[in-house]
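Breakdown of the fold
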Amino acid sequence: MGNIKIGFAPTRRSIFSAPDAVKFANLTRERLKELNVDFVDITEFNEEGLLYNDNDVDKIAEKFRAEGIKGLFLPHCNFGTEYVCSRLARMLGVPVLLWGPRDERPDENGVRLRDSQCGLFATGKILRRMRVPFTYMTNCRLTDPEFERGIRLFEAVCNVVYTFRHIRILQIAPRPYDFMTTMCNEGELLEKFNIQLAPIPMTELTEAVKAAHGTKEALDVIAYCRENMNICVKDNELEKIAELKTAMKALAAKYRCNAIAIQCWNALQTELGIMPCAANSLLNEEGIPVVCETDIHGAVTALLVEASALDGTRSFFADWTVRHPDNENGELLQHCGPWPASVAREKVTIGYPLAFSHPGAMEAEAKHGEVTLCRFDGDNGEYSLLLGTAKGIDGPYTKGTYLWVEVANLKRLEEKVVCGPYIHHCVGIHKNVVPVLYEACKYIGITPDLYDPIEEEVKAYIRGE
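This report concerns the structure included in the present document. (Residues numbered from 1 in each chain as written. Predicted model: local features only at pLDDT ≥ 70, side-chain atom pairs only at ≥ 80, totals over all residues. Heavy atoms only, no water.)

1. Topic: the overall build of the protein chain
Going by this rule: The numbering of helices and of strands both runs from the N terminus, where a helix is a DSSP run of H or I of at least 4 residues and a strand a run of E of at least 2. Computation of the radius of gyration draws on C-alpha atoms alone. For the globule rule, the value is 2.2 Å times the number of residues to the power 0.38. Three exposure classes are used, based on accessible area relative to the maximum for each residue type with a 1.4 Å probe and protein chains only: buried under 20%, partly exposed in between, and exposed over 50%. Between two residues, a contact is recorded if the distance between any of their heavy atoms is within 4.5 Å. Residue burial considers only the protein chains on display, and all accessible areas are found by Shrake-Rupley using a 1.4 Å probe. Neither His nor the chain ends contribute to the count of charged residues, in which Lys and Arg are positive and Asp and Glu negative. Lys charges are placed at NZ, Arg charges at CZ, Asp charges at CG and Glu charges at CD.
The secondary structure content of the protein chain amounts to 15 helices and 19 strands. Relative to the globule expectation of 23 Å for 465 residues, the C-alpha radius of gyration of the protein chain, 25 Å, shows essentially globular dimensions. For the protein chain, the spread of C-alpha atoms along the three principal axes comes to 85 × 50 × 45 Å. In the protein chain, which comprises 465 residues, the proportion classed as buried is 59%. Considering only intrachain contacts with a sequence separation of at least 6, the fraction spanning at least 24 residues in the protein chain is 76%. With the model as given, the accessible surface of the protein chain reaches about 19,600 Å², and the carbon-plus-sulfur share is 49%. Between the centroid of the 52 positive side chains of the protein chain and the centroid of its 65 negative side chains there is a distance of 4 Å.

Here's what the structure looks like:
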């Protein structure tokens, strides 16, 4: 988490105790260090190390930009100066965390030193006036569990927002003809969100595969697969899988892309004689999300989900497929075999997929436990993020990579997916990141769409309840 750099700008107001504000600013600094938060300070701008003078705002903003901060933390160490906080926040355009330490009991003379909570009310109003979205962490003590939880959530939100604003997807060939559902509006994605595509033809991929033949990188992939997986394909087929993985990784680096969407059938099989699923799986394991059927929105989803985890937990790209034969709220998440091995509950096998006769698909059941399921999608100019949780359950064996899950109300979820703007693809992750993604939506300009009626619970978690 060292790259989630936060701008730290503690604030005060003149009519309240400056020494007490300095004291709480320093206590907050120490607490952030205990939590290993990477923050950029403002101690050089005045002897107090506080934000209250309008003349310091431009200089602080310049430093924070130069340091590449991904979020701004505004601790109200007494009442605070709402207009300088809001001006700084508006200039920087990054996620903002608003918090103040809980006020003490008035002294024996009835004097209050800080009134931090009151100042939070003021700053929140001016941030709204300036149309600056912000995250509020409840007025609590530095030692309260709400503080650490709020900081961790904010770091994850910052990472999601930064990732969303820097998306470039390697698009390998157009979508398959039969998949009209995965069409996207490339111009609109660029205009609305700065999401950029790097489209290349299938021939560029096949040439890169040829160039990977016999390279150390490809040979290392073969050795890794033999050591860690059950191999049920021929030697020359495993060699081609390794070359494909090596080629896609090189092309993603060439075009400076952080995710890949590939036309996984049928031209690829004509050219290479394999399915790309196992190669996709290997890249997914390395933190380069690869999605099937040239699903650009699916690639966006995978990037957001992995950015929300912060701990290297890998996501998996799945189809909603069929209902559980015995559980009324059960559903099968499955795909031909692109899931990373780390999500499996067993040793993975490289073999053959369900619907195709070509080799090159992973086979394994995923781990059970709680998962977040998510889908970024849109049509007619409106974009939203479907999200919620489920739990892995037992179910019949099926080919490919798969997980049977149970949700609170499958009929409600089914209606959400059918009525849109979603399709049969989603991304899952073995972690509850719903609050992070929900909060990130306010910064990236899309609507959070919870498939269960848990919005008040999510809001309560974010504010520290």
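2. Structural notes on the environment of arginine 412
Let me state the cut-off plainly: Two N or O atoms form a polar contact when they lie within 3.5 Å of each other; inside protein one atom must be a possible hydrogen donor and the other a possible acceptor, and for residues adjacent in sequence the pair counts only when both atoms belong to side chains.
Secondary-structure assignment places arginine 412 in helix H13 (residues 410-419). On the accessibility criterion, arginine 412 (30% relative accessible area) is partly exposed. Sequence separation between arginine 412 and asparagine 329 is 83 residues; the distance between their C-alpha atoms is 9.8 Å. Other than its neighbours up to four places away in sequence, arginine 412 contacts Tyr451, Asp452 and Pro453. Among the polar contacts made by the side chain of arginine 412, one reaches the side chain of aspartate 452 at a distance of 2.7 Å.

3. Concerning helix H4 (residues 116-129)
Test applied: The length a helix should cover is 1.5 Å for every residue beyond the first.
Across its 14 residues, H4 extends 20 Å between first and last C-alpha, which sits within 8% of the 20 Å expected from 1.5 Å per residue. Every buried residue of H4 is accounted for by Ser116, Gly119, Leu120, Ala122, Thr123, Gly124 and Leu127. Contacts from the buried residues of H4 go to helix H3 (82-92), strand E4 (96-99) and strand E5 (135-136). Phi turns positive one or two residues past the end of H4, at arginine 131, with a value near 55 degrees.

4. Notes on the environment of aspartate 220
Within the secondary structure layout, aspartate 220 lies in helix H8 (residues 216-228). A C-alpha to C-alpha distance of 8.4 Å links aspartate 220 and alanine 242, two positions 22 residues apart in sequence. A distance of 2.7 Å separates the side chain of aspartate 220 from the side chain of lysine 216, its partner in a polar contact.

5. Here we look at the pairing of strand E9 (residues 259-262)
Formally: Paired strands are those between which DSSP finds at least two bridges.
Both faces of E9 are covered, namely the face carrying Ala259 and Ala261 and the face carrying Ile260 and Ile262. Two elements, strand E6 (residues 168-172) and E9, share four bridges in a ladder whose sense is parallel. Within E9, the residue paired with isoleucine 169 across the bridge is alanine 259. The sheet contact formed by E9 and strand E10 (residues 290-291) spans two bridges and is parallel. Paired with alanine 261 across the bridge in E10 is valine 291.

6. A few points about the pattern of salt bridges
Put simply, the test is: Salt bridge, as applied in this entry: a Lys or Arg side-chain nitrogen positioned within 4 Å of an Asp or Glu carboxyl oxygen.
Under the counting rule described, the total for this entry stands at 35 salt bridges. Note that arginine 31 and glutamate 34 form a salt bridge whose closest N and O atoms lie 3.0 Å from each other. Here arginine 31 and its partner glutamate 34 are both found in helix H1 (residues 18-34), three residues apart, which amounts to about one turn of the helix. On the basis of relative accessibility, which here comes to 56%, the residue glutamate 34 falls in the exposed class. The network of salt bridges with common partners includes Asp20, Asp103, Glu104 and Arg114.

7. Structural notes on the state of the cysteines
The criterion, for reference: Put simply, a disulfide is two cysteine sulfurs that come within 2.5 Å.
Under the definition given, this model contains zero disulfides. Residue cysteine 232 stays outside any disulfide, its sulfur separated by 13 Å from that of cysteine 225, the closest cysteine. Looking at cysteine 232, the relative accessible area reads 47%, which means it is partly exposed. Note on cysteine 419: no disulfide assigned, nearest cysteine sulfur contributed by cysteine 426 at a separation of 17 Å.

8. Some details on the sheet that holds strand E1 (residues 6-8)
Stated precisely, the cut-off is as follows: Note on method: axes are straight lines fitted to C-alpha atoms, helices fitted across the in-contact stretch only, with angles between N-to-C directions ranging 0 to 180 degrees.
In spatial order, the strands read E2-E1-E3-E4-E5; together these five strands make up an open sheet with parallel pairing. Because the sheet does not close on itself, it has two edges, and the strands there are strand E2 (39-40) and E5. Across four bridges, strand E3 (residues 71-75) lies against E4 in parallel orientation. The residue of E4 that forms the bridge with leucine 74 is leucine 98. Together, E4 and E5 form the strand contacts of H4, whose direction differs from that of E4 by roughly 155 degrees.

9. Section: the pairing of strand E14 (residues 361-365)
Side chains on a regular strand alternate between the two faces of the sheet. Counting buried positions over the five residues of E14 gives five, a clear majority of the element. Burial along E14 is two-sided: Ala361, Glu363 and Glu365 and Met362 and Ala364, pointing in opposite directions, are all buried. Here strand E13 (residues 349-351) pairs with E14 via three bridges, running antiparallel. If you follow isoleucine 350 over to E14, its bridge partner there is methionine 362.

10. Regarding the sheet that holds strand E7 (residues 196-200)
Reading across the sheet, the four strands line up as E7-E6-E9-E10 and stay open at both edges, with parallel pairing between neighbours. Whereas interior strands pair on both sides, the edge strands pair on one side only; in this sheet they are E7 and E10.

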